[in-house]
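# Report on the structure
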Amino acid sequence: MKVVSVHLGHNATAALAEDGAIIGVLSQEKCDNVKNSAAFPLDAINSLLSEHEWTTDDIEEVVISGNDVYPSRAYDYLFEAKNRIVDSSPLVSAVKGLRDGVAGRIFPWPFDVLREFRGKKLTAEGHAQLKTSLEALGLGDRPRSHVEHHRCHARAAFHALQPIDNREPALIFTMDGSGDGLCATVTKVDENGYLERLAETPASASLGGVYSNTTRFLGMKILEHEYKVMGLAPYAKEQYMLETYERVFKPAIWLSKSNPLIFESQGNAANFYDYLAETAVGERFDNMAAALQHLTEELVTQWIRNAINATGIRRVFTGGGVFMNVKLNRRIQEMEEVEQAFFMPSCGDESNPIGACYDHAISKGITTTPLSNLYLGVSYSNEKIEAFIAAHGLRDKYTIEKHDDIEATIAGLLAERQIVARFAGRCEWGARSLGNRAILAHPSHMESFYTVNDYIKSRDFWMPFAPSMLDTAAPKYLRDYRPEETKAPYMITAYAATELGVEHLRAALHQGDHTLRPQVVEAAASPDYYRLISLFKEKTGVGAVLNTSFNLHGYPLVATPEQALMTLEKSELKYLALENYLLVKR
Ligand SMILES: [Fe+2]
């Protein structure tokens, strides 16, 4: 059974599945190079089909993640409206005035926009666009089904991560801003894989919405810069953070007394910006970030504890955008009540087509296969790279050599403290670089941190870089690393660094609290990358490299040679390894 699944909306994404196994996932942003692109993922589907040498004739069914369908313009409009207000709202009172006047009519308040879009006319437009797009692909006549949004999050986490040899009962927690009218669910899975939803919270009491609105209140982009707020949090002093928490955040949202598996809030969380405008003006930015992070960690860990106490089940799976928060995940894996924790990587809505494929497989009685790695996108052979180099006349501009052992070449350059962009194999699905589209550097020297930042990434000064480390090095660098309880292959959870970790990974950890968000690399999942880091270790004694996503600031992670070349040309980057070809700026 061959299936294509599609997530429409913010960060539109397509997935291909065959007989219960996910064989390809690609976000549209990696095709049109527009971050979080909401365009129908036509290019993504076509790229995946050609990667597998399939045609649309091979596809038997189409599965849509989510019940709500809106046209892509609605999402573009929503996103623009949200951020336009961010850009124009340094003075809250002025904005409130504007909101009630002209600006309010032209740019409706965030989240209110979606409500406005809930009209039948727009849904009809969404369905019509979906139909037209599928017809254009030649898929108009295939059976089509929808899977509810939070069911997708739950299925994705559970079936992607559940070890094949362990079918014990589990709890799945999903949490996001909102999807199909909900923001959080608790689901119990029995030993037969049957899912029973124990609780669901309506979107009006959304902790994700509180997080996003606070992100906006701090002058950053909603649905995009939440990780920067998390990164800012460790810089606050605990005493001041707690004062802000008690005064601003604690009274705003809580777990229900009558049902401790659902959330309740003071007013609609969608209007949390208004609440902040009334209660939080004058609060320091770092205290706000830290108090919000504290709220998130306290509430979510208590929520999970409540579900464990109610069911006696201690294996925990998580999905949905809120669980992109690596510090929250660290708290979860440290909970005494939690026996094992499985965090879905890149668990925003870009993970939902994966969940939809799994749900479809289960509905057909097909056994599902977990993900073995996230290299699920497009690849380019050396022949294709050679043709690309020739077609663009790159030999006139760069020194180019083909290296039989490109991993050894890169490891050597990194040991000499050079910075190298690596383009190899299939591109990663999701938000994080896992080595195949990566900018790599020596992790021990702060010089790497500054050079990567100044020349290529232009990140905010408080944001850290992360390491890719050998599985054998992980216990030496990470405190309380217990892979039997939580694996860390996808940069989705954080650890405190050991003393040696701080010494070896000085440029690849959070400068404020010395935590890090590692990719623990196993040879089976990524043999070439594993060898590269091993060769680097032979030369330096350091079992890790600094790895940051291969892209310019504000662009999505690179997928194609064209995007790689653009990044090389628009940055101070000197070395680019395109498969076995090393391009060096003269
Ligand atoms: Fe979601």
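The preceding data block contains the structure.
Computed from a predicted structure; not experimentally measured.

On to the pairing of strand 1 (residues 2–7), then. With six of its six residues buried, strand 1 lies for the most part within the structure. Side chains Lys2, Val4 and Val6 of strand 1 all project onto a buried face; the interleaved residues Val3, Ser5 and His7 project onto the opposite face, where all are buried too. Where strand 1 meets strand 2 (residues 13–18), six bridges bridge the pair, whose relative direction is antiparallel. Its bridge partner being in strand 2, His7 is matched across the sheet by Thr13. Connecting the antiparallel pair strand 1 and strand 2 is a turn made up of five residues, with Gly9 showing a positive phi of about 120 degrees. Sheet topology note: the strand 1/strand 4 (residues 61–65) ladder contains five bridges and is parallel. Across the sheet, residue Ser5 finds its bridge partner in strand 4, namely Val63.

Our next topic: the side chain of Asp359. Its location among the elements puts Asp359 in helix 15 (residues 352–363). Each residue touching Asp359, except ones within four places of it in the same chain, is listed here: Val147, Arg151 and Arg155.

Turning our eyes to something else, we now look at helix 21 (residues 527–540). An ideal rise of 1.5 Å per residue puts 20 Å on 14 residues; helix 21 measures up with 20 Å between its terminal C-alpha atoms. Along its buried surface, helix 21 packs onto helix 17 (406–415), strand 14 (420–423), strand 15 (437–441), strand 16 (466–470), strand 19 (519–521) and strand 20 (544–549). Positioned one or two residues after helix 21, Gly541 has a phi angle of 80 degrees, which is positive.

Of the protein atoms, only His149 (NE2), His153 (NE2), Asp176 (OD) and Asp349 (OD) coordinate the iron ion, at distances of 2.1 to 2.2 Å. Classification of the site at the iron ion as irregular follows from its four donor atoms and the range of 91 to 168 degrees in their angles at the metal. Along the chain, the residues donating to the iron ion fall in the pattern H-x3-H-x22-D-x172-D. Of this pair, His149 sits in helix 8 (residues 149–161) while Asp349 sits in the loop between strand 12 (340–343) and helix 15, and the two are 200 residues apart along the sequence.

Once that is clear, we can look at unusual backbone geometry. A positive phi angle, close to 70 degrees, is found at Arg417, a residue other than glycine. Considering the arrangement of structural elements, one finds Arg417 in the loop between helix 17 and strand 14. One non-glycine residue, His514, lies in positive phi territory at about 55 degrees. Classification of His514 by relative accessible area gives partly exposed; the value is 27%.

Note on strand geometry: in a regular strand, side chains alternate between the two faces of the sheet. Burial of the side chains of strand 12 extends over both faces: Gln340 and Phe342 are buried on one face and Ala341 and Phe343 on the other. Taking the sense of rotation as the criterion, the β-α-β connection linking strand 11 (residues 315–319), helix 14 (residues 326–334) and strand 12 turns out right-handed.

With that out of the way, let us pick up helix 11 (residues 238–249). Listed in full, the buried residues belonging to helix 11 are Met241, Thr244, Tyr245, Val248 and Phe249. When helix 11 is viewed along its axis, its buried side chains cluster within an angular range of 105 degrees and face the same direction. As for helix 11, its buried residues are in contact with helix 9 (207–217), strand 9 (253–255), helix 12 (272–279) and helix 13 (285–311).

Time to look at the sheet that holds strand 1. An order of 3-2-1-4-5 is seen for the five strands of this open sheet, with the pairing classed as mixed. Strands with a single pairing partner mark the edges of an open sheet, and in this sheet they are strand 3 (21–27) and strand 5 (144–147). Each strand of the sheet is rotated relative to its neighbour by a mean of 20 degrees, with strand direction disregarded.

Rules used in this analysis
- Residues numbered from 1 in each chain as written.
- Predicted model: local features only at pLDDT ≥ 70, side-chain atom pairs only at ≥ 80, totals over all residues.
- Heavy atoms only, no water.
- Buried < 20%, exposed > 50% of the residue type's maximum accessible area, 1.4 Å probe, protein only.
- Helix = DSSP H or I, 4+ residues; strand = E, 2+ residues; numbered from the N terminus.
- Pairing = 2+ DSSP bridges.
- Contact = heavy atoms within 4.5 Å.
- Expected span 1.5 Å × (residues − 1).
- Donors = N, O, S within 2.8 Å, 3.2 Å for Na, K, Ca; no water.
- Tetrahedral: all angles 85-135°; square planar, octahedral: opposite > 155°, others 65-115°.
- Right-handed = clockwise from strand over helix to strand, strands pointing away.
- Arc of directions from axis to C-beta.
- Axes fitted to C-alpha atoms, helices over the stretch in contact; angles between N-to-C directions.

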